[in-house]
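Topology and contacts: notes
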Amino acid sequence: MANRETELMLKGYGLTTAEMFYHMPDYPHVLNSFTWQDYDLAPDHPRLFSFIEFWQDKIEGALHSVRFTHRKMIGDGKWRNVVGEFTIP
């Protein structure tokens, strides 16, 4: 699993976390929350929007709102090769 995640990060994917608020099917005035997390590509977020479409088609609880954040773990300029040696007396 860690290999897959590292490969995705090297391809430009970042960790996307979404919190979805939805109406309970039996109690429509009650909101509940669900947290979803996966590696996704910003700014289009194809996996997140695919999951939202799945939710709307297959899950009874109607979505109220979705808020999400995206964190790119590896990016340009965040890694550099340092060559040197320190001697501690």
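Look up a bit, the structure's there.
Summarised in this report is the structure supplied together with it. Predicted model only: the values in this text are computed from it and were never measured.

Okay, the nonpolar core next. Judged by nonpolar contacts, Ala18, Met20, Tyr22, Trp36, Leu48, Phe51, Ile52 and Trp55 together constitute the single largest core of eight residues. If you list the elements that add at least two residues to this core, you get β1 (14-23) and α2 (46-58). When residues in this core are grouped by element, the largest group, four residues, is from α2. Ignoring any residue separated from it by four or fewer positions in sequence, one finds Leu48 in contact with Thr16, Ala18, Met20, Trp36, Asp40 and Phe68.

It is worth spelling out unusual backbone geometry at this point. Among all residues except glycine, the phi angle is most often negative; among peptide bonds, the trans geometry is most common. Of note, the amide linkage connecting Ala42 to Pro43 takes the cis form, showing an omega dihedral of 5 degrees. Locating Pro43 in the fold gives a position in the loop between β2 (31-40) and α2. Residue His45 is not a glycine yet carries a positive backbone phi of 50 degrees. If you trace the backbone, His45 turns up in the loop between β2 and α2.

Rules used throughout
- Residues numbered from 1 in each chain as written.
- Predicted model: local features only at pLDDT ≥ 70, side-chain atom pairs only at ≥ 80, totals over all residues.
- Heavy atoms only, no water.
- Core = buried A, V, L, I, M, F, W, Y, C linked by side-chain atoms within 4.5 Å.
- Buried < 20%, exposed > 50% of the residue type's maximum accessible area, 1.4 Å probe, protein only.
- Helix = DSSP H or I, 4+ residues; strand = E, 2+ residues; numbered from the N terminus.
- Contact = heavy atoms within 4.5 Å.

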